[in-house]
Amino acid sequence: MRVLIDSGSGCCNGVRRAISAAEDWLSSHDTLYSLGAIVHNDAEIRRLAELGLKTVGYSDMPSLRGSKVLVRAHGEPPSTYELARESGISLIDCTCPVVLALQKKIAAEYAELSSRGGLVLIFGKRGHAEVNGLVGQTDGRAVVIEDMRDLEDKLASGCIDPSRPLALFSQTTKDPEEFSALAARLREAVCSARGGLEVFNTICRHVSSRHRALREFAAACSVIVFVCGRESSNGKVLYELCRGVNPRSYKIESADELPASVFRPDDTVGICGATSTTRWQLEKVADFLSSL
């Protein structure tokens, strides 16, 4: 059995940057607090917890006066920074530069659109940390679209009025093809209503290129082992992409979830993961498979 690790898999730059910042602080301090899980990856969270990283929520912040709190790569809405100031908390801001640029772009577009009765639309997962940060740039007034069905429901109910000026953005880790389809449907609705629409393709280039490369990787292997945390939104999207290309795809968090019976001696097993999956996890799974 041949075992390959996808060269493009592993944590994205934003997640690596946040993890590195946490490790740097903890190399000379006993404790660091992370506002929310630093990464949607239980194994990596456990590793960092052993170094002294503690995950906290908004309700904990008033009791952390004088402490250092890390803002993860997903970013935060303006209200979080105000809460930190009020609570006397010092922040290590690890918002991904791509997300930060998107926040600023949405804030500027919202300021311009709101004066004309317009609306900001965000293609993303409702309640996701990054999306919460993006919606926060619009005083909570942006409309989140989760998928095509959600878009159709919002058009039918009048929640999205295509006769108004609209601006469409995307969560940085969404599927580029799904975003294109949503944009095309919105253009159709806006054209019929004689409204206006600006489309901003704000999917991270790293994520966008991963979709193309992962399709090729999944097609070139007889079996795919996709490693990611259960809470990873990006992982769910990329795993479904793999499974669509290669039906013999398995999603796991660790090697002990893999039944040896699914593999054949002549298989080429491809190991890949989400933008929240660390390289050491991929290598650990590869070592396990190589020992079978």
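Whatever comes next refers back to the structure up there.
Residues numbered from 1 in each chain as written. Predicted model: local features only at pLDDT ≥ 70, side-chain atom pairs only at ≥ 80, totals over all residues. Heavy atoms only, no water.

## Notes on the sheet that holds strand E4 (residues 68-71)
The strands making up a sheet are joined through hydrogen bonds of the backbone, oriented either antiparallel or parallel. In spatial order, the strands read E3-E2-E4-E5; together these four strands make up an open sheet with parallel pairing. Since the sheet does not close on itself, it has two edges, and those belong to strand E3 (53-56) and strand E5 (90-93), each with one partner. Strand-to-strand twist of the sheet, defined as the mean angle between neighbouring strand axes without regard to direction, takes the value 35 degrees. Bridge count between strand E2 (residues 32-35) and E4: two bridges; the pairing is parallel. Within E4, the position partnered with Ser34 by the bridge is Leu70. (Pairing = 2+ DSSP bridges. Helix = DSSP H or I, 4+ residues; strand = E, 2+ residues; numbered from the N terminus. Axes fitted to C-alpha atoms, helices over the stretch in contact; angles between N-to-C directions.)

## Regarding the packing of aromatic side chains
Taken as a whole and assessed by the stated rule, the structure comprises three aromatic pairs. Considering the side-chain rings of Phe169 and Phe200, the 4.6 Å spacing of their centres and the 5 degrees angle between planes classify their relative orientation as stacked. Of the two residues, Phe169 is situated in strand E8 (residues 165-170) and Phe200 in the loop between strand E9 (196-199) and helix H8 (205-220); the sequence distance between them amounts to 31 residues. One exposure class covers both Phe169 and Phe200, and it is buried. Ring geometry for Phe226 against Tyr239: centres 6.1 Å apart, planes inclined by 55 degrees, an arrangement best described as tilted. Of this pair, Phe226 sits in strand E10 (residues 223-227) while Tyr239 sits in helix H9 (residues 233-245), placing them 13 residues apart in sequence. You'll find Phe226 and Tyr239 in the same group, each marked buried. (Phe/Tyr/Trp six-rings, centres within 6.5 Å; stacked < 30°, edge-to-face > 60°. Buried < 20%, exposed > 50% of the residue type's maximum accessible area, 1.4 Å probe, protein only.)

## Some points on H9
Helical periodicity: at 3.6 residues per turn, an α-helix aligns residues three or four positions apart in one direction. Compared with an ideal rise of 1.5 Å per residue, which puts 13 residues at 18 Å, H9 spans 19 Å between its outermost C-alpha atoms and is within 8% of the ideal. Every buried residue of H9 is accounted for by Ser233, Asn234, Gly235, Leu238, Tyr239, Leu241 and Cys242. (Expected span 1.5 Å × (residues − 1).)

So, to be careful, I would describe these as geometric facts and stop short of saying anything about function.
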